[in-house]
Amino acid sequence: MNDTQENQSSNKNQIETYLGEISKLNNELINMQRELSASNAALAKALEFKNRFIGMVVHDLRNPLTIISMYTQTIKSKIDEPKLIEECITIIEHSADFMAELIESLLDTTSLESGSFSITFYKNNITELIKNTLKQMQPIAQNRSIHIHEQLSEIEPFYFDAFRIEQVITNIISNALKYTPTDGNVYISVKDNSETVVIVVKDTGIGIPEEEQHKTFTFFGRTTNQSPHGDKSVGLGLAVCKHIIEAHDGTIELTSKASEGTTITILLPKLPRRAMDLADK
Amino acid sequence: MDDIYYIIKSRVYELAQYAVEEQYKIQPAWTSYGSAGYIRALEDSRYHMLMLASSYALNDINMLGNYYSWLDILFKRLKLPANTAFDSLNTAAEIIDTKLRLNDSMKNFVIRITQNSHHVSSESVLQLSREAQEYYNFITKGNQRQAVNYILDIYKQGMQIIDIYNTIFIPIQSLIGKLWHEGKISVGEEHYCTAVTQVALANLYQFFFTGEKKQHKLIAAAVSGELHELPIRFLADVFEMHNWNTHYYGASTPLPALLQAVSEHKPNLLCLSVTMPFLVPELTEYIATIKKSHASLPIMVGGRPFSINQELYKAVGADAAAETALLALKKAEMLL
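Since the model is a prediction, treat every value here as computed from it, not as a measurement.

A.B. asks: A description of the interface of chain B and chain A should follow, citing residues and the corresponding values.
C.D. replies: With 39 residues of chain B at the contact, the number on the chain A side is 28 residues. For the chain B and chain A pair, buried surface summed over both sides reaches about 2700 Å², with 50% attributable to carbon and sulfur atoms. The tally of links from chain B across to chain A stands at 2 salt bridges. Notably, a salt bridge pairs Glu212(B) with Lys45(A), separated by 2.9 Å at the nearest N-O pair. At the junction of chain B and chain A, the tally comes to 8 residue pairs in polar contact (both at pLDDT 80 or more). For the side of chain B that touches chain A, the elements supplying multiple residues, two or more each, are helix 3 (34-58), helix 10 (187-208), helix 11 (230-241) and strand 2 (244-253) of chain B. Sort the elements by how many residues they give to the side of chain B that touches chain A and helix 10 of chain B lands first, with 9 residues. Of the residues belonging to the side of chain B that touches chain A, the class tally is 15 nonpolar, 16 polar and 8 charged.

Rendered as structure tokens:
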């Protein structure tokens, strides 16, 4: 090989080295483009959610605020009618409770959207948790003459986030009490199904029309149902519940028939994937 | 993984130099290629050493045989003397035996490749779809803009992105690789065609990233040293189109970066890719390390070595292997 040929060969090697470097840079650029596309899409989605969110919040807060303002005026003008004032205060109290509930749900929703919603797995007793939750809900049920029937099997402690699961149970029973007329029934059962735990909450309430059932687990997915007790719904609770259950690798399903009632079935795995490493330790 | 692999890997520069010098002694004609030829021979020899080390450690003669067939076609195309592929592998084996005192075990291992036939398709006879042929015409004529516009046009006309991947990008990339191997296109042309495909992909990303929070999370990466990034990118993109949130780390991802990514994103599945068979031991180390701290994380592997040996994924400690992205999707459903 003469000098010219050797130079050519050396240049070829150098060109190939440069090509390799250019390819690497190109890979990085395309990776960044991929990340950018993902971020753009996420931002567009977040913006859309935020706009809808603000619209709903404004709408939902305006109603109770109007009620509070209206009844405050009534109290001022009817200061010598104690019975009427008591009624007004009760209505104001309901509006304030609704606003508090709305704010709690909104906080959960924003933390879900921002990804800061955390689940912490510890070994907990699900039967005890349900019993305690029911104890807290009994006064509301008694007040409405709704009968709660329990069928709670004793289950060995397993891994779940007690705070979040209590939130789910409270939400579901609270919904059952909202939409079940006076003298109705709410049935709750928990049973061990080998690798999963099955929780069923069934009510004899007004049910959800079939064409509206798809809205139940979506944010602000309210149905046209009106609570027989005049309760309002913020339309976030079940969406948050679904997220919590799925973060436990579980499922939550709803079956309902208008005028007959609604059944919510939750399947919770005893060893969620994210808790497996804890169990190994 | 057998220690022999790590011993050879740690001494690969020194062993490759001995092998090249030995080869130059036996065939003085090599000196005519000058210093550039010597540098190339050193690089080739390092690949041979690592291939020998990984095939031997895995006791996978098919892996080595496949590499030998591929090398033989390449060297014949470069008009190197007949038997150069076998001779250079054999010399590398002899040097390993001598320097590591292996009593001819590496040499005997190499001889086994002559006892079996290892077929590597040498003809670029891939059947291309009409769209793929059109795209191919644009890229091979250097019409990058037209190639990308063509892809965007057929997407707007209703072709699904998954079909664009399966009927255009994947067969074209496969064809480009074959054409380079056969010497029908230069390495520069190969890089150019790949870059155009990457640009076309980048233009499609806006259509399938939805911003939705999806049910499952995937991390996809190629191991350190692996520069072939398109196969694992295709996989990540196909998962993204099928209800997965994907984090794509690309070519040559260092193990610490991957470990950090797994801790941060808590994926439901990790997919790792290897095209160059001599990186299989590297992959084995990745899997063992990741499984130590994330025992329950399913790991799927893919790439050429796993197509040659369908059972290899078990030896490397993975939970599954898949030849195509769609197959990987199906297997992922079974793993979760």
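A.B. asks: How would you explain the pairing of strand 5 (residues 196-203) of chain A if you had to name every residue and give the values?
C.D. replies: Residue and element names in this part refer to chain A. The pairing of strand 4 (residues 185-193) with strand 5 spans 8 bridges and is antiparallel. From the neighbouring strand, Tyr187 faces strand 5, where its bridge partner is Lys202. Between strand 4 and strand 5, which pair antiparallel in sequence order, lie 2 residues; one of them, Ser194, sits at a positive phi of approximately 65 degrees. Where strand 5 lies against strand 7 (residues 261-269), 7 bridges are found, and the strand directions are antiparallel.

A.B. asks: Pulling in residues and values, what's your account of the pattern of salt bridges?
C.D. replies: Under the criterion given, the structure shown has 21 salt bridges over all chains. Across the pair Glu131(B) and Arg130(B) runs a salt bridge whose closest N-O atoms are separated by 3.3 Å. Taking the relative accessible area as the measure of exposure, Glu131(B) reaches 17% and is therefore buried. Judged by relative accessible area, Arg130(B) falls into the exposed class, the value being 62%. With a shortest N-O distance of 2.8 Å, Lys184(B) and Glu182(B) are connected by a salt bridge. Taken together, the salt bridges that share partners define one network made up of Lys45(A), Glu48(A) and Glu212(B).

A.B. asks: Please give an account of helix 9 (residues 161-181) of chain B that cites residues and values.
C.D. replies: Residues and elements named next belong to chain B. If you check helix 9, its first and last C-alpha atoms are 29 Å apart, about what 21 residues at 1.5 Å a residue would give, namely 30 Å. Roughly 25 degrees is the biggest bend found in helix 9, and it falls at Phe169, with proline Pro171 one to four residues downstream. Downstream of helix 9 by one or two residues, Gly183 has phi in the positive range, about 80 degrees.

A.B. asks: I'd like a rundown of the sheet that holds strand 6 (residues 251-257) of chain A, residues and numbers included.
C.D. replies: All names here are of chain A. Across the sheet, which stays open at both edges, the 5 strands sit in the order 2-4-5-7-6 with mixed pairing between neighbours. For this open sheet the edge positions go to strand 2 (147-152) and strand 6, each flanked by a neighbour on one side alone. Taken pair by pair, the neighbouring strands of this sheet meet at an average axis angle of 10 degrees, ignoring direction. Contacts from helix 3 (residues 126-143) reach strand 2, strand 4, strand 5 and strand 7 within the one sheet, and its direction differs from that of strand 2 by about 175 degrees. Of the strands in this sheet, strand 2, strand 4, strand 5, strand 6 and strand 7 touch helix 4 (residues 162-179), which is tilted by about 20 degrees from strand 5.

Reading guide: rules and limits
- Residue positions are counted from 1 within each chain, in the order its sequence is given.
- Chain A is the first chain written and ligand 1 is the first ligand written, with later ones labelled in order.
- pLDDT decides what is reported in this predicted model: residues at 70 or higher carry local features, side-chain atom pairs at 80 or more are listed and counted, and totals for whole chains, interfaces and linings draw on all residues regardless.
- In computing side-chain values, all of the structure's heavy atoms are included and hydrogens and water are not.
- For this analysis, residues touch if any pair of their heavy atoms sits within 4.5 Å.
- Reported buried area values correspond to the accessible surface (1.4 Å probe) lost by two parts on association, with both partners' losses combined.
- Think of a salt bridge as a Lys or Arg side-chain nitrogen and an Asp or Glu carboxyl oxygen that are within 4 Å of each other.
- Under this definition, polar contacts are N or O atom pairs within 3.5 Å; protein pairs additionally need one hydrogen-donor-capable and one acceptor-capable atom, and for neighbouring residues in sequence, both atoms have to be side-chain atoms.
- Secondary structure elements are taken from DSSP: a helix is a run of H or I of four residues or more, a strand is a run of E of two residues or more, and numbering for both begins at the N terminus.
- Each residue is assigned to one class: nonpolar for Ala, Val, Leu, Ile, Met, Phe, Trp, Tyr, Cys and Pro, charged for Asp, Glu, Lys and Arg, and polar for all the others, Gly among them.
- Should DSSP find at least two bridges between two strands, the strands are regarded as paired.
- Burial here depends on accessible area, computed with a 1.4 Å probe over protein chains only, as a share of the maximum for the residue type. Under 20% is buried, over 50% is exposed, and the range in between is partly exposed.
- Under the convention used throughout, the expected extent of a helix is 1.5 Å for every residue step, that is, one less than its residue count.
- To get the bend at a residue, fit one axis to the 7 residues ending there and another to the 7 starting there, then take the angle between the axes.
- Lines fitted to C-alpha atoms define the axes here, with helix axes fitted over just the stretch in contact, and angles between the N-to-C directions of these axes take values from 0 to 180 degrees.

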